[in-house]
Amino acid sequence: MAKLLSCVLGPRLYKIYRERDSERAPSSVPGTPTSVTNPPSSSWDTYYQPRALEKHADSILALASVFWSISYYSSPFAFFYLYRKGYLSLSKVVPFSHYAGTLLLLLAGVACLRGIGRWTNPQYRQFITILEATHRNRSAENKLANYNFDFRSWPVDFHWEEPSSRKESRGGPSRWRVSLLRPEPLHRGTADTFLNRVKKLPCQITSYLVAHTLGRRMLYPGSVYLLQKALMPVLLQGQARLVEECNGRRAKLQACDGNEIDTMFVDRRGRAEPQGQKLVICCEGNAGFYEVGCVSTPLEAGYSVLGWNHPGFAGSTGVPFPQNEANAMDVVVQFAIHRLGFQPQDIIIYAWSIGGFTATWAAMSYPDISAVILDASFDDLVPLALKVMPDSWRGLVTRTVRQHLNLNNAEQLCRYQGPVLLIRRTKDEIITTTVPEDIMSNRGNDLLLKLLQHRYPRVMAEEGLQAVRQWLEASSQLEEASIYSRWEVEEDWCLSVLHSYQAEHGPEFPWSVGEDMSPEGRRQLALFLAQKHLHNFEATHCTPLPAQNFQMPWHL
């Protein structure tokens, strides 16, 4: 009976992975299994085959889950409609509650029938035995890696409070209490009195409601359950590819806010390619998942890769608000350093689109990481939010973003001292504020300008800023080369100037180089630095970045 109850309450099993390639080198990751147990029987199909009873019961429960999700999202409109029609009176609500209770009992009965179907299936019984053994003493963890199932039942592999993650000698303090959300500054001459706070209260309540309902879902559509349900077959296929073809290792990390983060690690250390010694931590876009996201680019380039899903995406729990995003990124970096065994100097942060927020947060919080690569990212969320909302909402949108959804990428990136590469999509239709053809409205330009102005304020004076803006207007390599040659940029001279300054003053930014330089010299140096920090890729926003375009940032 205990086993039957476990089958009733157990997670949904999606797949049993096929046998790993015996020629693959075993994982050398500290704290992870060094061998893989084959699936229970070679005669079984790689996809888990539920019996008829379990299959039909699962379909009924899945349909009920979809209807519940639709009802949840439409509940405000339904409530308003029922109120207008007079259906919310006590005499009509009580019978409805009886119907709801009956429906819940029927669904509970269907769940019991599903459990009976699982109990009669030897594949599921063996899986649930391995899962229970892993939860008891983790001795069967290597066998559990052969199964893909509902990630909520996966045991936690790494906790942010683990003793090793508190050591400051290898990666800095384990918690970075960074203030991500700043209150709106008061106008000069005003005081934050009790009366002013009362006046602001309706606006603050409205901003909170907008951020936690429409705003968050517009900003991170990948967290919407219905979208994840539609993408489930694709996500399962992508995860199977990472596990079976790339020997990926899945792990659950628990962040300081209690959220559980779904990760996938592919280890390329010990191979002939030198880039395998470097770890690329990938930060996905607002509808991206590591199963089908930007992890494929560094994988094809031969690097070790650690992918993770935003809070509320696929196997990760929680909701993707900025502080939760930062907490998730923190535990991912700690996991890479203290469990996977990578030094911060061997870690590269690679982000696509909105993933630039967590990438720049990690760069700011872990200054010893090797490099940051930002693909199709932006400087600040406010201009992009104003682009898609009515002009009459300008004040509400600005306030909501600043207080609850403040993705201040440029500000965070300027606190990082290491090498940075920005990849700008010349046909980007997402992070432009006008039309894709207007390349100067691409917010990647603003990210570059703010970075250069912070690091080289004297070079990026009027002459240098004007030259870089002209260079950014170029939409092809031919136009770039034309502008570059027009100002007769001498790269050897630029390098000698930068090396001389670094040798005399050290590498710490900002630099005062260029203050005694001629306008022509500032133009040359500004164009040289712009070309080293930004590369163009002729594609739209969602085009996968080819492996040959994945290059390490320039480092003096």
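Engineer: Hey, could you go over the overall build of the protein for me, with residue numbers and the actual values?
Structural biologist: Counting secondary structure elements, the protein contains 18 helices and 11 strands. Burial statistics for the protein: of 556 residues in total, 50% are counted as buried. In the protein, the proportion of contacts linking residues at least 24 apart, taken out of those at least 6 apart, comes to 76%. On the protein, roughly 26600 Å² of surface is accessible, and the fraction owed to carbon and sulfur atoms is 58%.

Engineer: Explain the nonpolar core to me, and be specific about the residues and the numbers.
Structural biologist: The biggest cluster of nonpolar side chains holds 73 residues, and the ones touching the most others in it are Ile281 and Ile349. At 9 residues, the largest contribution of residues to this core is made by helix α9 (residues 322–338). Residues contacting Ile349, with those up to four places away along its chain left out, are Ile281, Cys283, Met329, Ala359, Ala362, Ile369, Ala371, Val372 and Ile373. By size, the runner-up hydrophobic cluster in this structure holds 29 residues, among which are Val243, Val280, Val305 and Phe550.

Engineer: Run through helix α17 (residues 491–505), naming residues and quoting values.
Structural biologist: Helix length check: α17, at 15 residues, gives a terminal C-alpha distance of 21 Å against a target of 21 Å (1.5 Å per residue), a fit within 8%. Where α17 is buried, its residues touch α18 (519–533).

Engineer: How would you sum up a negative patch on the surface? Please name residues and give values.
Structural biologist: A contiguous patch of negative charge on the surface is contributed by Glu488, Glu490, Glu491 and Asp492. In this fold, Glu491 is placed in helix α17.

Engineer: Hey, could you go over the side chain of Arg425 for me, with residue numbers and the actual values?
Structural biologist: Along the chain, Arg425 turns up in strand β10 (residues 420–425). Within the structure, the side chain of Arg425 is placed 3.4 Å from the backbone oxygen of His541, a separation counted as a polar contact. Engagement of the side chain of Arg425 in a polar contact is seen with the backbone oxygen of Thr543, the distance being 2.8 Å. If sequence neighbours within four positions are ignored, Arg425 has contacts with Trp352, Asp375, Ala376, Asn442, Phe537, Ala539, Thr540, His541, Cys542, Thr543 and Leu545.

Engineer: How would you summarise helix α7 (residues 225–244) if you had to cite specific residues and measurements?
Structural biologist: Taking 1.5 Å of rise per residue, the 20 residues of α7 would be expected to cover 28 Å, and the 27 Å separating its terminal C-alpha atoms lies within 8% of that figure. At Leu231, α7 is deflected by roughly 55°, the largest bend along its length, and proline Pro233 occurs up to four residues later in sequence. Burial in α7 covers these residues: Gln228, Leu235, Leu236, Gly238, Gln239, Ala240, Leu242, Val243 and Glu244. Lining the buried residues of α7 we find β1 (13–16), β2 (147–149), β4 (249–254), β5 (260–266) and α8 (296–300).

Engineer: Summarise the sheet that holds β5; cite the residues concerned and give the values.
Structural biologist: Overall, mixed pairing links the 9 strands, which are arranged β3-β4-β5-β7-β6-β8-β9-β10-β11 in an open sheet. Looking along the sheet, the strands with just one partner apiece sit at the ends: β3 (158–159) and β11 (534–537). With 5 bridges joining them, strand β6 (residues 279–283) and strand β8 (residues 347–352) adopt parallel strand pairing. By the bridge assignment for β8, Ile281 is matched with Ile349. Relative to the sheet, α9 contacts β3, β4, β5, β6, β7 (304–308) and β8, its axis offset from that of β7 by approximately 150°. Seen against the sheet, helix α10 (residues 356–365) touches β6, β7, β8 and β9 (371–375) and runs at an angle of roughly 155° to β8.

The rules behind each value
Residues numbered from 1 in each chain as written. Predicted model: local features only at pLDDT ≥ 70, side-chain atom pairs only at ≥ 80, totals over all residues. Heavy atoms only, no water. Helix = DSSP H or I, 4+ residues; strand = E, 2+ residues; numbered from the N terminus. Buried < 20%, exposed > 50% of the residue type's maximum accessible area, 1.4 Å probe, protein only. Contact = heavy atoms within 4.5 Å. Areas by Shrake-Rupley, 256 points an atom, 1.4 Å probe, with all protein chains shown as cover. Core = buried A, V, L, I, M, F, W, Y, C linked by side-chain atoms within 4.5 Å. Expected span 1.5 Å × (residues − 1). Patch = residues over 30% accessible without salt bridge, like charges linked within 9 Å, V, L, I, M, F, W, Y side chains within 5 Å. Salt bridge = Lys/Arg side-chain N within 4 Å of Asp/Glu carboxyl O. Lys, Arg positive; Asp, Glu negative; His and termini not counted. Charge placed at Lys NZ, Arg CZ, Asp CG, Glu CD. Polar contact = N/O pair within 3.5 Å; in protein donor to acceptor, adjacent residues only side chain to side chain. Bend = angle between axes of the 7 residues up to and from the residue. Pairing = 2+ DSSP bridges. Axes fitted to C-alpha atoms, helices over the stretch in contact; angles between N-to-C directions.

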